[in-house]
Amino acid sequence: KAGVTQTPRYLIKTRGQQVTLSCSPISGHRSVSWYQQTPGQGLQFLFEYFSETQRNKGNFPGRFSGRQFSNSRSEMNVSTLELGDSALYLCASSLGIQANEKLFFGSGTQLSVL
Amino acid sequence: AQSVAQPEDQVNVAEGNPLTVKCTYSVSGNPYLFWYVQYPNRGLQFLLKYITGDNLVKGSYGFEAEFNKSQTSFHLKKPSALVSDSALYFCAVRDGGSSASKIIFGSGTRLSIRP
């Protein structure tokens with residue numbers, strides 16, 4: 001089975017631009033979640049989707065948004081980029097929404113904002 | 001509110017020695033606890049989890065973790081460290097009383113195993 005696929009692997013943007021990141025979960029997985037990883041803040045939860053519905057949202061400004069499609073693929077969008085948005089963005093998938101399920105992570109998208 | 005603390009940013013151990021990576025948590029309901037490992041330029045990989053039952057949980061690559069309810073801890077251990085264990089380790093907690101609970105990760109501990 002293919003793992004979680006995130007594209008692109010690297011992105012360089014300038015302040016004020018917007019960006020869209022993509023995540024394809026493992027086949028059969030219906031839950032997708034997103035995380036921001038920075039050296040100073042560690043791993044921060046962004047949001048979680050299941051069956052095209054956002055189930056949970058972390059403490060991020062409204063510039064961060066996401067969606068999930070009927071095939072469970074997910075996209076994350078960041079508008080009006082700021083320097084502080086530079087980070088590794090990780091996507092994870094799981095079969096369902098049970099709290100005891102383990103997450104399968106992609107390799108991430110490294111976003112640099114100049 | 002849920003929280004996880006990994007008090008050590010870095011742990012250094014000689015190869016062959018036992019290792020411990022510490023984690024303490026706070027959650028209002030039943031704690032579901034997880035350990036993940038991140039190798040350079042990779043996403044996180046699941047190591048092990050505690051949901052209920054035996055307090056000693058065994059996972060991948062020879063790792064184990066001990067759940068201690070009274071101390072609200074879930075320390076990761078391995079009897080004999082390998083150089084290949086060098087990586088970034090994250091502890092995570094989720095409130096098992098709610099399927100809608102968020103997963104909260106600790107800040108991570110960098111494990112360095114010297115030959």
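Data block above holds the structure.
These numbers were taken from a predicted model, which means no experiment stands behind them.

1. Digging into the overall build of chain A
Within chain A one finds zero helices and eleven strands. If you list the helices and strands of chain A from N to C, you get β-β-β-β-β-β-β-β-β-β-β. The C-alpha radius of gyration computed for chain A amounts to 13 Å, which stays within 12% of the reference 13 Å derived for 114 residues, consistent with globular compactness. When the backbone C-alpha atoms are referred to their principal axes, chain A occupies close to 35 × 25 × 25 Å. The 114 residues of chain A split such that 51% are buried. Taking contacts inside chain A between residues at least 6 apart in sequence as the whole, the part at least 24 apart equals 55%. Accessible surface for chain A amounts to roughly 5300 Å². Of this, 48% is attributable to carbon and sulfur atoms. Side-chain charges in chain A split into 11 positive and 6 negative, and the spacing between the mean points of these groups amounts to 4 Å.

2. Structural notes on the environment of R15(A)
Residues and elements named next belong to chain A. Among the secondary structure elements, R15 is positioned in the loop between strand 2 (10-13) and strand 3 (19-24). In sequence terms R15 and L90 are 75 residues apart; their C-alpha atoms lie 21 Å from each other. In this structure R15 touches L81, E82, L83, V113 and L114, once residues within four positions along its chain are discounted.

3. Details of the pattern of salt bridges
Applying the stated criterion across every chain, the model contains nine salt bridges over all chains. When the shortest N-O distance is used, the salt bridge between R55(A) and E48(A) registers 3.4 Å. For R55(A), a relative accessible area of 22% gives the class partly exposed. Here the salt bridges do not stand alone but share partners, grouping E48(A), R55(A) and R94(B) into one network.

4. Regarding the environment of G3(A)
Residues and elements named next belong to chain A. For G3, the location among the structural elements is in the segment before strand 1 (5-7). Note: C-alpha distance between G3 and S22 (19 residues apart in sequence) is 14 Å. Contact partners of G3, with chain neighbours within four places excluded, come to S24 and I26.

5. Considering the nonpolar core
Residues and elements named next belong to chain B. Ranked by size, the top nonpolar core spans 28 residues in total, and within it L19, W35, L47, L48, F74, L76 and Y89 carry the most contacts. Going through the elements one at a time, strand 2 (10-14), strand 3 (19-21), strand 5 (31-38), strand 6 (44-50), strand 8 (64-68), strand 9 (73-78), strand 10 (87-95) and strand 12 (109-114) are the ones with two or more residues in this core. Sort the elements by how many residues they give to this core and strand 10 lands first, with four residues.

6. Digging into the packing of aromatic side chains
Under the criterion given, the structure shown has 15 aromatic pairs over all chains. Centroid distance Y50(B) to F74(B): 6.5 Å. Interplanar angle 55°. Geometry classified as tilted. Taken together, the positions of Y50(B) in strand 6 and F74(B) in strand 9 put the pair 24 residues apart, joining distant regions of the chain. Note on accessibility: Y50(B) and F74(B) belong to one class, buried. Here F63(B) and Y89(B) contribute two aromatic rings whose centre-to-centre distance is 5.6 Å and whose plane-to-plane angle is 50°, an arrangement assigned as tilted. Taken together, the positions of F63(B) in the loop between strand 7 (56-58) and strand 8 and Y89(B) in strand 10 put the pair 26 residues apart, joining distant regions of the chain. Y89(B) shares its class with F63(B); the two are buried. An aromatic cluster is present here, built from Y35(A), F45(A), F105(A), F34(B), Y36(B), F46(B), F90(B) and F105(B) joined pairwise through their rings. Taking NZ or CZ as reference, R9(A) lies 5.2 Å from the ring centre of Y10(A), over its face.

7. Re the interface of chain B and chain A
By a frequent convention, interface size equals the accessible area lost on bringing the separate parts together. Listed as interface residues are 25 residues of chain B and, on the opposing side, 23 residues of chain A. Interface area for chain B against chain A, summed over the two sides, is near 1800 Å², with a carbon-plus-sulfur share of 53%. Residue R94(B) is joined to E48(A) by a salt bridge in which the shortest nitrogen-to-oxygen separation is 3.4 Å. For the pair chain B and chain A, the interface holds five residue pairs in polar contact (both at pLDDT 80 or more). The set of elements that each furnish at least two residues to the side of chain B that touches chain A consists of strand 5, strand 6 and strand 10 of chain B. Looking at side-chain class alone, the side of chain B that touches chain A contains eleven nonpolar, nine polar and five charged residues.

Conventions used here
Residues numbered from 1 in each chain as written. Chains lettered and ligands numbered in written order. Predicted model: local features only at pLDDT ≥ 70, side-chain atom pairs only at ≥ 80, totals over all residues. Heavy atoms only, no water. Helix = DSSP H or I, 4+ residues; strand = E, 2+ residues; numbered from the N terminus. Rg over C-alpha atoms; globule rule 2.2 N^0.38 Å. Buried < 20%, exposed > 50% of the residue type's maximum accessible area, 1.4 Å probe, protein only. Contact = heavy atoms within 4.5 Å. Areas by Shrake-Rupley, 256 points an atom, 1.4 Å probe, with all protein chains shown as cover. Lys, Arg positive; Asp, Glu negative; His and termini not counted. Charge placed at Lys NZ, Arg CZ, Asp CG, Glu CD. Salt bridge = Lys/Arg side-chain N within 4 Å of Asp/Glu carboxyl O. Core = buried A, V, L, I, M, F, W, Y, C linked by side-chain atoms within 4.5 Å. Phe/Tyr/Trp six-rings, centres within 6.5 Å; stacked < 30°, edge-to-face > 60°. Lys NZ or Arg CZ within 6 Å of the ring centre and 35° of its normal. Buried area = accessible area lost by both parts, 1.4 Å probe. Polar contact = N/O pair within 3.5 Å; in protein donor to acceptor, adjacent residues only side chain to side chain. Nonpolar A, V, L, I, M, F, W, Y, C, P; charged D, E, K, R; others polar.

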